[in-house]
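In case you want the letters, here they are:
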Amino acid sequence: MTDGHLLESCIDGVTTLTFNRPDRLNAISAPMFERLLDILERIAADNTVGAVVLAGAGRAFSAGGDVGEMANRGSAETPEDAVRTLRRRMEIVRLLHEMPKPTLACVQGPAAGAGMCLAIACDMRIASPSATFTTAFAKVGYSGDYGGSYFLPRLVGAAKARELYFTASSVNAQEAQRIGLVNRVVEQAELAGITHAMAAALAGGPRLALAQMKRNLNLAGGSGLPALLDLEAEGQIRCRLTEDHREAARAFMEKRPPVFKGR
């Protein structure tokens, strides 16, 4: 399924969403944000989808919001309406962060501004040596949106996050891996294949258990230990009752790979 500047495909239980404006370094227009939100809302509830990959066509992941569109924006919309519109579109990062399935960003070239924010909202980031990351907001007189100020400190620490926001400096792939911004750096020729293979392996795994793991890990970032222990206990018992757990236990005893069904 395709729709111009945002492409959607699903193979091996992995939905890949590709920004497709290579001539503009995949700058994200308002219609692209709207379509991305619509797609994520749909696939978050789609049990045939086991993992989601965000990618960019050409030599960039995404240069962020379309600055040309920003410069030509009219003044008909009130500030209050603009806040409501932006806040609704920012549900994109909540969905990437909270949907009950793994989300991965496949990053080559620049990931800037909102583009970087979408990447760091994902559960994992796989990058090529050409990848660069920058908040970029200070360069255009913006304070930042799309959850970057939530996700970045959790990945790289408070002090480094402030540096990257205040200076809008760029981080290359090797430095991004060193500071915990990306999970793996792989050669450009292998980037798409390795990312898809990782996503497909997750999609073929025990989906209910992975969904509970993601929920546990998300809660761990902002709750006390007792609440997390309660959630872990409840989730573990729910997983114990699944077909996937019973299949995995049998496979272990029979010394064979398990075949997960997501139930």
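Before reading further, recall that the structure is shown in the block above.
So, a few notes on the structure that sits alongside this text. All residue numbers refer to position in the chain's written sequence, counted from 1. Totals for whole chains, interfaces and linings use every residue, but because this is a predicted model, local features are given only for residues with pLDDT of at least 70 and side-chain atom pairs only at 80 or more, for both listing and counting. Values shown for side chains rest on all heavy atoms present in the structure; no hydrogens or waters enter the calculation.

## Brief notes about the packing of aromatic side chains
- When two rings of Phe, Tyr or Trp (its six-membered ring) have centres within 6.5 Å they constitute a pair, described as stacked for plane angles under 30 degrees, edge-to-face for angles over 60, and tilted for the intermediate range. Scanning all chains against the criterion turns up four aromatic pairs.
- Look at Phe-33 and Tyr-146: their rings are 4.7 Å apart centre to centre, the planes differ by 15 degrees, and that puts the pair in the stacked class. Residue Phe-33 is located in helix H1 (residues 30-44), and its partner Tyr-146 is located in the loop between strand S8 (132-134) and helix H6 (148-156); the two are separated by 113 residues in the primary sequence. In this structure, Phe-33 and Tyr-146 share a single accessibility class: buried.
- Their ring planes at 20 degrees and their centres at 6.1 Å tell us that Phe-137 and Tyr-165 sit as a pair that is stacked. Of this pair, Phe-137 sits in the loop between S8 and H6 while Tyr-165 sits in helix H7 (residues 158-167), and the two are 28 residues apart along the sequence. Neither residue differs from the other here; Phe-137 and Tyr-165 are each classed as buried. Helix and strand labels come from DSSP, where a helix needs a run of H or I of at least four residues and a strand needs a run of E of at least two; each type is numbered from the N terminus. Three exposure classes are used, based on accessible area relative to the maximum for each residue type with a 1.4 Å probe and protein chains only: buried under 20%, partly exposed in between, and exposed over 50%.

## Structural notes on the sheet that holds strand S6 (residues 110-112)
- Here three strands make up an open sheet; going across it, the order is S6-S8-S9 and the pairing mixed. Unpaired on one side and paired on the other, S6 and strand S9 (171-172) mark the two borders of the sheet.
- The pairing criterion is simple: DSSP has to find at least two bridges between the two strands. Both S8 and S9 contribute to a ladder of two bridges, which runs antiparallel. Paired with Phe-133 across the strands is Val-171, a residue of S9.
- A contact between two residues is defined here by any heavy atoms of the two lying within 4.5 Å. A fitted line through C-alpha atoms represents every axis, and for helices the fit uses only the stretch in contact; the resulting angles, taken between N-to-C directions, go from 0 to 180 degrees. Those strands touched by helix H5 (residues 114-121) are S6 and S8, and its axis lies near 95 degrees from that of S6.

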